[in-house]
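Each chain, written out:
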Amino acid sequence: FGHRFAYSTEHSQSGYNAARYHLLSYRTPERPSLFGEILGPYMRQGAVINALAEGQADVATVDGFALDLLRHHDPDAASRVRVIATTEAAPIPPMVTSIDADDPACERLTEALLAFGTAPEMGATRKALLLSRFERMAPEIFTELVERERAAERAGYPKIV
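What you are looking at is a predicted structure, and each value in this text was computed from that prediction instead of being measured.

## Here we look at helix 5 (residues 103-116)
If you check helix 5, its first and last C-alpha atoms are 20 Å apart, about what 14 residues at 1.5 Å a residue would give, namely 20 Å. At the N-terminal end of helix 5, a side-chain oxygen is found 2.7 Å from the backbone nitrogen of A105, two or three residues along, and the residue is D102.

## Side note on the sheet that holds strand 3 (residues 59-60)
Spatial strand order, 2-1-3: three strands in an open sheet with parallel pairing. Two strands close off the open sheet at either side, each with one partner strand: strand 2 (37-39) and strand 3. The pairing of strand 1 (residues 4-6) with strand 3 spans two bridges and is classified as parallel. Looking at the pairing, F5 lines up with V59 of strand 3.

## Let's talk about the packing of aromatic side chains
For the coordinates displayed, the defined rule picks out five aromatic pairs. With 5.7 Å between their ring centres and 70 degrees between their planes, F1 and F35 make a pair best called edge-to-face. Taken together, the residues F1 in the segment before strand 1 and F35 in the loop between helix 1 (13-23) and strand 2 connect sequence positions 34 residues apart. Given a relative accessible area of 45%, F1 falls into the partly exposed group.

## Here's the deal with the pattern of salt bridges
One pass over the full model with this rule turns up nine salt bridges. D68 is paired through a salt bridge with R71; the nearest N and O atoms lie 3.6 Å apart. Residue D68 and its partner R71 are located together in helix 3 (residues 64-73), separated by three residues, close to a single helical turn. Measuring nitrogen to oxygen at the nearest pair gives 3.1 Å for the salt bridge that ties E88 to R148.

## Quick notes on the packing of helix 1 against helix 7 (residues 143-154)
Each packed pair of helices is defined by two parameters, the angle between the axes and the distance between the axes. Viewed as axis vectors pointing N to C, helix 1 and helix 7 meet at an angle of 50 degrees, and their least axial separation amounts to 8 Å. What the angle tells us is that helix 1 and helix 7 run oblique. Our pair here, helix 1 against helix 7, has a crossing hand that is left-handed. Contacts between helix 1 and helix 7 involve Q13, N17, R20 and Y21 from the former and L145, R148, E149, A151, A152 and E153 from the latter. Per-class residue counts for the contact of helix 1 with helix 7 are four nonpolar, two polar and four charged.

## Some remarks on the confidence of the model for the protein chain
When pLDDT is averaged along the protein chain, the result is 93, and 100% of the positions lie at 70 or above. No element of the protein chain has a lower mean pLDDT than helix 7, which averages 93, and none a higher one than strand 1, which averages 98.

Reading the values: the criteria
Residues numbered from 1 in each chain as written. Predicted model: local features only at pLDDT ≥ 70, side-chain atom pairs only at ≥ 80, totals over all residues. Heavy atoms only, no water. Helix = DSSP H or I, 4+ residues; strand = E, 2+ residues; numbered from the N terminus. Expected span 1.5 Å × (residues − 1). Polar contact = N/O pair within 3.5 Å; in protein donor to acceptor, adjacent residues only side chain to side chain. Pairing = 2+ DSSP bridges. Phe/Tyr/Trp six-rings, centres within 6.5 Å; stacked < 30°, edge-to-face > 60°. Buried < 20%, exposed > 50% of the residue type's maximum accessible area, 1.4 Å probe, protein only. Salt bridge = Lys/Arg side-chain N within 4 Å of Asp/Glu carboxyl O. Axes fitted to C-alpha atoms, helices over the stretch in contact; angles between N-to-C directions. Parallel < 35°, antiparallel > 145°, perpendicular 65-115°, else oblique. Left-handed = near helix turned anticlockwise from the far one by under 90°. Contact = heavy atoms within 4.5 Å. Nonpolar A, V, L, I, M, F, W, Y, C, P; charged D, E, K, R; others polar. pLDDT = per-residue confidence, 0-100.

The structure is reproduced here in structure tokens:
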């Protein structure tokens, strides 16, 4: 605390909101600001990792899946940072479409994604992406993400400081 915090974008669950929710327990009336400088938006997880590795930032939050992909595909780059804490587990954000997309098109896309997990021809892609499958989820599961955002706002922490 007291140093430089980097983030990807304020609308990112893993690159901002998860950290803000995690940091709530560290704030006190005597210490309402946790960092000396807030850096961002960097827009991409790779740019946040580079900011850490190059000494521009001291701490940041990055998406765990993005970090896993980096470890898998570029272990040298991943070795330039280390995990010091993890945020509370949360659902992976939903895949969404335009409001104008019709229901049959959305259902075809959903079925194609669900088939991804069992399609033999997608085996190499699943391995490269570190994915085993997609699952159909009830939209209500994502209210948890919104509730965490609201909890931070109710606690007087609308932005990481």
